[in-house]
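In case you want the letters, here they are:
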Amino acid sequence: MKLVVKNAYKLFTKFPKRNYSSRISLNMRESSFFLHPLKFAGKQNVRSWTSKISSLVRENQSIEAIYLFKTMLRNEHKPNYVTVLSIIRAVEKWEPMVKGIHGFTIKMGFELELPVVTALVGVNSIWDMDTAWKLFDHTRGKDVILWSAMVSACVKSGEYVEAVELFRKMLSFGVEPNYVSIVGIVPACANLGALKVGKEIHAYSIKSLFISHVNIQNSLVDMYAKCGSLKTSLTVFHGIEKKDLVSWRTMIHGCVENDSFSESLSLFSEMRYCCYEPDESVIREVIGALSQLDEIKIGQCFHSLVLKQGYSRSVSVVTALLHMYGDFGDIESARSLFDHLKPKDLIAWSTMIAAYAQSELPSNAFDIYQQMRSANEKPNEIIYVSLLRACSSMAAEEIGEGIHAQVVKIGNTSNAFLISSLIDMYCKFGRISQGEAIFSECPSKDLICWSSMINGYGINGHGNEALQCFLDMLNTGIKPNDVVFISALSACSHCGLEYEAWNWFYAMEERFSVTPKLAHYACMVDMLSRQGNVEEALEFVNNMPVEPDKRIWGTLLAGCRKTCISIEICEIVAKRLIALDPENTSSFVILSNLYAEQGRWKEVEQLRQLMDEKNLKKDFGYSLIETSL
């Protein structure tokens, strides 16, 4: 046995030495073995060693615990299985030591102890799921704790299907799940979108009285939200008697994830009313919701709250605000935030470049890019995507080709987002054959690449090719999402394929369970307006199950300008657009011109007075100048 202990000691001899800082408390300094290791070692038995090691592990002092274990082995004290349990938890961050302690456990004969096996399953799953599975499969007499540990290991490793199957297998073996089992399996249902299984587990947790645990309630809130059942998620949330910060954070995130941005803001207000202070994660969620709502005034007020809460030094929060102002089109505020942000991380650089790329000043994206390179930051895929978008906006073919060459040089030609952006760029330049070549060379086409190619055909007037590409995608077994349908419907709209557009619009929900969103309705309105069927388009808008936005009313107004339609319909459309977007002068100008054509000078004068009262001026054109990389 002494030989075994000596061999075990060798496993830890190469562990680096460490200087102990003032972090260690006064009591620790007075009572710890570190001050008098020889004196400590001479007087202790295995219980004392184990107690001290366990205490260090609980205090997250893993390195100290490992050193004490090494001292224990050097002094030829044989550890018991409780000692081994503690040291397993201590070494989980270091793969070689996990393997070493696993071997030591077998040598010491502790491999049959269920608690030890459970701990080994947990630490091995971090580094090697195959080993974790072998341990689990070869263990006889598995108890509920081991089953639950394996289910949790599967979930943490992203093996959600295996986790659900294992949970069902546990039930078939007659093992009753406990509270930990439920907490472990619910996230698997959430990530799989397995609503039916999730509901069954919810029912079981109620029947077994586990539902009173806030962790289970929080997991159920998350599960229902991720499965698209936001109403049920809110019901579960409101039923939690003792909500914690995780409850609020999970529910707010669920609302944002389900595009219920106003609801997320209401929850945030309720959260503060209940005296819960938000953390950085909640702050970022709310900023994201404000970006989507396009509520610039509320966004500015929230910015003030963020500063008041003391988050001005948080890079992640400031970057989220930067992103918000970029989405608002308030590029000056975004740039001001960016210039004052120190230090800047890669996400901040990326966000500022993206903000300029989608603004009216896309050439400035390259100025920020040059500053980033001067700061010795290497660009990532997202930055290249933004630069390619800027090239598309500027019609800067040569710069775009240069970025393409850089992407090839650094070996990012397999990145789906970059491939998609390259296809988009070349198709917007009218070089559809180049887009086709990039698409065909893509080794594993995903939804993003297919969508870009379909859209590329559409914007170049190749409607039939776009639909054929869409059918080719379906034939490969890829299930379309809402984004792909936008590309397909947009292609039909641009190319006048009315029959095909209606066919695929109705097939979205009937055949593919994809609920049409505003963007899909906008495609249909655009198609009808392009064909001069403005009255039919207006009727379609009035019967939509979702509230039309300024984009849809703007499309209708553009159709009114191209078609000899009654002035009454034009008035209805223009006034709705003015109500939604009162700062946009184009609506006033179009309506004024329509009145002028009808000789209704009184209405023309009223509109001009209204513009003066609002201090609105007619927008001037602008030009873009190419810059070099």
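Starting afresh in each chain, residues are numbered from 1 along the sequence in its written order. Local features are withheld for residues below a pLDDT of 70 in this predicted model, meaning they are given only at 70 or higher, and side-chain atom pairs are given and counted only at 80 or more; totals for whole chains, interfaces and linings count all residues. Neither water nor hydrogens contribute to the side-chain values; these are computed over all heavy atoms in the structure.

By the naming in an unreviewed UniProt entry, the protein chain goes by Pentatricopeptide repeat-containing protein At1g11290-like and is assigned to Nicotiana sylvestris. UniProt positions are given in the numbering used here, feature names are shortened, and annotations may be inferred rather than shown by experiment. Under the heading Sequence similarities (unreviewed entry), UniProt records this for the protein chain: "Belongs to the PPR family. PCMP-E subfamily."

Novice: Account for the overall build of the protein chain, naming residues and giving values.
Specialist: Runs of E in the DSSP output that reach at least two residues are strands. Runs of H or I that reach at least four are helices, and both are numbered from the N terminus. Scanning the protein chain from N- to C-terminus turns up 37 helices and 0 strands. Any residue under 20% of the maximum accessible area for its type is buried, any over 50% is exposed, and the rest in between are partly exposed; the area is computed with a 1.4 Å probe on protein chains only. Counting all 629 residues of the protein chain, 47% fall into the buried class. Throughout, a contact is declared for two residues whenever any of their heavy atoms are within 4.5 Å. Look at the contacts in the protein chain between residues 6 or more apart in sequence, and 61% of them connect residues 24 or more apart. Exposure was quantified through the Shrake-Rupley algorithm and a 1.4 Å probe, taking into account, for residues, occlusion by the shown protein chains and nothing else. Surface accessibility of the protein chain: about 32400 Å² in total, with carbon and sulfur atoms responsible for 51%.

Novice: Before we move on, could you go through the pattern of salt bridges and cite the residues and values that matter?
Specialist: We define a salt bridge as a contact between a side-chain nitrogen of Lys or Arg and a carboxyl oxygen of Asp or Glu at a distance within 4 Å. Taken as a whole, this structure holds 10 salt bridges when the rule is applied. The partner of D259 in a salt bridge is K517, and the shortest N-O contact between them spans 3.7 Å. Within this pair, whereas D259 is found in the loop between α16 (245-257) and α17 (261-273), its partner K517 is found in the loop between α31 (498-512) and α32 (518-530), the two being separated by 258 residues in sequence. Relative accessible area serves as the criterion here: at 45%, D259 is assigned to the partly exposed category. With a relative accessible area of 38%, K517 lands in the partly exposed category. Note that E280 and R284 form a salt bridge whose closest N and O atoms lie 3.6 Å from each other. Within this pair, E280 and its partner R284 are both found in helix α18 (residues 280-293), separated by 4 residues, close to a single helical turn. One connected set of salt bridges, linked through shared partners, spans D259, D482 and K517.

Novice: Please set out the environment of D472 residue by residue, giving values where relevant.
Specialist: Counting through the fold element by element, D472 comes out in helix α29 (residues 463-475). Look at D472 and you get partly exposed, because its relative accessible area is 33%.

Novice: Before we move on, can you summarise helix α15 (residues 230-238) with the specific residues and values?
Specialist: For α15, the full list of buried residues reads L230, S233, L234, V236 and F237. The arc that holds every buried residue of α15, seen down its axis, measures 160 degrees, which confines them to one face. Of the residues in α15, the exposed ones pointing more than 90 degrees away from the buried face are K231 and T235. On its buried face, α15 is in contact with α13 (195-207), α14 (214-226), α16 and α17. The arc in question is traced by the directions running from the helix axis to the C-beta atoms.

Novice: Residues and numbers for the packing of α18 against helix α20 (residues 315-328), please.
Specialist: Where α18 meets α20, the axes come as close as 9 Å, and the angle between the chain directions of the two elements is 5 degrees. Taken together, the axes of α18 and α20 lie roughly parallel to each other. Of the residues in α20, those touching α18 at E280, I283, R284, I287, L290 and S291 are S316, V317, A320, L321, M324, D327 and F328. Tallied by class, the residues present in the contact of α18 with α20 amount to 8 nonpolar, 2 polar and 3 charged. Only the contacting stretch of a helix is used when fitting its axis, a line to C-alpha atoms as for every element, and angles between N-to-C directions run 0 to 180 degrees. Oblique is the label for every angle not falling under 35 degrees (roughly parallel), over 145 degrees (roughly antiparallel), or within 65 to 115 degrees (roughly perpendicular). Three classes are used: nonpolar for Ala, Val, Leu, Ile, Met, Phe, Trp, Tyr, Cys and Pro, charged for Asp, Glu, Lys and Arg, and polar for all others, with Gly counted as polar.

Novice: Before we move on, could you go through the packing of aromatic side chains and cite the residues and values that matter?
Specialist: Aromatic rings considered in pairs are described by the distance between their centres and by the relative angle of their planes. Two aromatic rings from Phe, Tyr or Trp, using only the six-membered ring of Trp, form a pair when their centres are within 6.5 Å; if the ring planes differ by under 30 degrees the pair is stacked, by over 60 it is edge-to-face, and anything between is tilted. Tallied over the entire structure, the rule returns 18 aromatic pairs. Note on F268 and F302: the rings are 5.4 Å apart at their centroids and 70 degrees apart in plane angle, and the pair reads as edge-to-face. Of this pair, F268 sits in helix α17 while F302 sits in helix α19 (residues 296-308); the two residues are 34 residues apart in sequence, bridging distant segments of the chain. Both residues of the pair, F268 and F302, belong to the buried class. An angle of 90 degrees between the planes, with centres 4.8 Å apart, marks the rings of F470 and W504 as edge-to-face. Placement of the pair is F470 in helix α29 and W504 in helix α31, with a sequence separation of 34 residues. Of the two residues, F470 and W504, neither departs from the other in class, the shared state being buried. Counting every residue linked through ring pairs, the aromatic cluster contains W502, F505, Y506, Y521 and F540.

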